[in-house]
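Per-entry structural report
Each chain, letter by letter, is given below.
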Amino acid sequence: MDVIMHSSSFLLPKLYQPVNKPVKNYALVVLNQHLPRFMPRLWDHANLRICADGGANHIFDEMYQITNDEDKKSTRNKYVPEIIEGDMDSIRPEVKLFYSSQGSKISDKSHNQETTDLHKCISRIHHCTPDDEKPNLCVLVTGALGGRFDHEAANINVLYLFSDMRIVLLSDDCLIRLLPRTHRHELYIESSVEGPHCGLFPVGAPSTSTTTTGLKWNLSESKMRFGSMISTSNIVQSEKVTVESDADLLWTISLRNLT
Ligand SMILES: Nc1ncnc2c1ncn2[C@@H]1O[C@H](COP(=O)(O)OP(=O)(O)OP(=O)(O)O)[C@@H](O)[C@H]1O
Ligand SMILES: Cc1ncc(C[n+]2csc(CCO)c2C)c(N)n1
């Protein structure tokens with residue numbers, strides 16, 4: 001079984017990137033929630049930044065506070081997303097006008113009320129990334145957790161819908177990734193920015209056999225399902241965690257107080 005390596009080095013400044021990063025490129029998707037305090041770092045790592053509808057309001061309103069810039073106007077001119085995508089029911093008119101005047105592509109999908117704005121953003125990235133480039137790209141999604149639970153569930157569903165892409169859902173407090181059952185997974189823990197609390201569990205389909213190393217409470221060909229045992233409040237105990245399972249699992253790890 002092939003191995004996929006994972007790292008959260010995008011939470012480190014660009015200067016401190018490890019030499020053997022598992023991915024070369026990042027795309028950033030900004031959802032309609034408050035920006036995480038480490039947003040400027042994510043922005044710098046990304047080659048493509050997409051705002052999901054009202055996500056653009058948060059870049060417009062909050063970026064200058066997060067960066068501590070005196071000059072609101074020049075901060076706004078500096079952080080311009082390449083694309084604003086969605087059904088456009090949340091972006092404020094003046095924000096839309098500002099970013100279109102700054103060169104952002106406005107992709108109005110107001111006719112489509114079947115998929116979420118995050119789904120629309122990931123769909124676009126999926127289409128414009130050739131299959132052989134997909135393993136080299138990691139999509140970072142801010143504001144994905146902590147909020148309305150139906151939105152959170154839809155955001156997690158996107159991980160399953162696009163399981164051939166690396167997607168990381170982020171909040172200020174934790175991150176979530178999908179570990180597809182098709183691979184063995186090696187998670188390289190950036191202990192200065194993440195951990196020690198973590199969780200591992202299947203959503204949807206149960207697992208009849210999951211094996212891990214590097215955790216305080218490791219699993220050894222263990223069964224997991226909702227309604228029975230799932231691994232939460234676990235602790236990372238090694239720089240490398242390995243996971244092998246017969247089901248797709250969600251991996252979640254706490255984030256330290258980064259700036
Ligand atoms: N409270 C929240 N919790 C988690 N994710 C959110 C939350 N609010 C928005 N999002 C994410 O940001 C995206 C854009 O948000 P937006 O408010 O524009 O959605 P929307 O299309 O207006 O949804 P709805 O009509 O259900 O409120 C959503 O697709 C979702 O992924
Ligand atoms: C069965 C079913 N449930 C809910 C919606 C509504 N919906 C789902 S995604 C979306 C867009 C939100 O920006 C909306 C309105 C639907 N279409 N089909």
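Residues numbered from 1 in each chain as written. Chains lettered and ligands numbered in written order. Predicted model: local features only at pLDDT ≥ 70, side-chain atom pairs only at ≥ 80, totals over all residues. Heavy atoms only, no water.

Attention now moves to the overall build of the protein chain. Along the backbone of the protein chain there are six helices and 15 strands. Here the C-alpha atoms of the protein chain give a radius of gyration of 18 Å, agreeing with the 18 Å that 2.2 N^0.38 yields for 259 residues. Oriented by its inertia axes, the alpha-carbon framework of the protein chain measures out at about 55 × 40 × 35 Å. Within the protein chain, the fraction of its 259 residues that count as buried is 52%. For the protein chain, the exposed surface amounts to about 12,400 Å²; the carbon and sulfur share of it is 50%. The positive charge centre, built from 27 side chains, and the negative charge centre, built from 32, are 2 Å apart in the protein chain. (Helix = DSSP H or I, 4+ residues; strand = E, 2+ residues; numbered from the N terminus. Rg over C-alpha atoms; globule rule 2.2 N^0.38 Å. Buried < 20%, exposed > 50% of the residue type's maximum accessible area, 1.4 Å probe, protein only. Areas by Shrake-Rupley, 256 points an atom, 1.4 Å probe, with all protein chains shown as cover. Lys, Arg positive; Asp, Glu negative; His and termini not counted. Charge placed at Lys NZ, Arg CZ, Asp CG, Glu CD.)

Another point: the UniProt feature "domain: Thiamin pyrophosphokinase thiamin-binding" (unreviewed entry) in the protein chain. Per the UniProt record, "domain: Thiamin pyrophosphokinase thiamin-binding" (unreviewed entry) is found at residues 183-249. Its end C-alpha atoms 11 Å apart, residues 183-249 is made of 0% helix and 54% strand. (UniProt positions renumbered as here; feature names shortened; annotations may be inferred.)

Another aspect to go through is the side chain of Ser245. With respect to the element layout, Ser245 can be found in strand β14 (residues 240-245). Residue classification places Ser245 among the buried positions, given a relative accessible area of 10%. Within the local environment of Ser245, its side chain forms a polar contact with the side chain of Ser207, the two groups lying 3.4 Å apart. Side chain to side chain, Ser245 and Thr210 meet in a polar contact 2.9 Å long. Among residues more than four places away in sequence, those in contact with Ser245 are Arg181, Ser207, Ser209 and Thr210. (Polar contact = N/O pair within 3.5 Å; in protein donor to acceptor, adjacent residues only side chain to side chain. Contact = heavy atoms within 4.5 Å.)

With respect to the helices, strands and loops of the structure, His119 is situated in helix α5 (residues 117-128). Discounting chain neighbours no more than four positions away, the residues touching His119 are Val158, Leu161 and Phe162.

As a further point, take the pairing of strand β5 (residues 105-108). Of the strand pairs in this sheet, strand β4 (residues 83-86) and β5 are connected by four bridges, and their pairing is parallel. Within the sheet, the bridge partner assigned to Glu85 lies in β5 and is Ser107. This β-α-β element, β4 to helix α4 (residues 93-101) to β5, shows right-handed connectivity. (Pairing = 2+ DSSP bridges. Right-handed = clockwise from strand over helix to strand, strands pointing away.)

We now examine the packing of aromatic side chains. Enumeration over the complete set of coordinates arrives at six aromatic pairs. Relative to Tyr99, the ring of Phe60 lies with its centre 6.1 Å away and its plane at 85°, an arrangement referred to as edge-to-face. Placement of the pair is Phe60 in helix α2 (residues 55-66) and Tyr99 in helix α4, with a sequence separation of 39 residues. Using a relative accessible area of 10% as the deciding quantity, one classes Phe60 as buried. With a centroid separation of 6.0 Å and 85° between ring planes, the pair formed by Phe201 and Phe226 is classed as edge-to-face. Of this pair, Phe201 sits in strand β10 (residues 194-202) while Phe226 sits in the loop between β12 (222-224) and β13 (231-235); the two residues are 25 residues apart in sequence, bridging distant segments of the chain. (Phe/Tyr/Trp six-rings, centres within 6.5 Å; stacked < 30°, edge-to-face > 60°.)

The next subject is the site of ligand 2. All residues adjacent to ligand 2 are Asp87, Gln113, Glu114, Thr115 and Thr116. Gln113 places a main-chain nitrogen or oxygen 2.8 Å from a nitrogen atom of ligand 2. Glu114 is positioned such that a nitrogen or oxygen atom in its side chain is 3.3 Å from a nitrogen atom of ligand 2. The fraction of the free accessible surface of ligand 2 (450 Å²) that becomes covered by protein chains is 41%. A per-class count over the shell around ligand 2 returns no nonpolar, three polar and two charged. (Near = heavy atom within 4 Å. Nonpolar A, V, L, I, M, F, W, Y, C, P; charged D, E, K, R; others polar.)

Let us look at the sheet that holds β5. Taken together, the 10 strands give an open sheet; going across it, the order is β5-β4-β3-β2-β6-β7-β8-β15-β10-β13, and neighbouring strands pair in mixed fashion. The open sheet is flanked by β5 and β13, the only strands paired with a single partner. Neighbouring strand axes in the sheet, compared pairwise and without regard to direction, differ in orientation by 20° on average. Across six bridges, the pairing between strand β8 (residues 174-179) and strand β15 (residues 249-255) is antiparallel. Residue pairing in the sheet places Leu179 in a bridge with Leu249 of β15. (Axes fitted to C-alpha atoms, helices over the stretch in contact; angles between N-to-C directions.)

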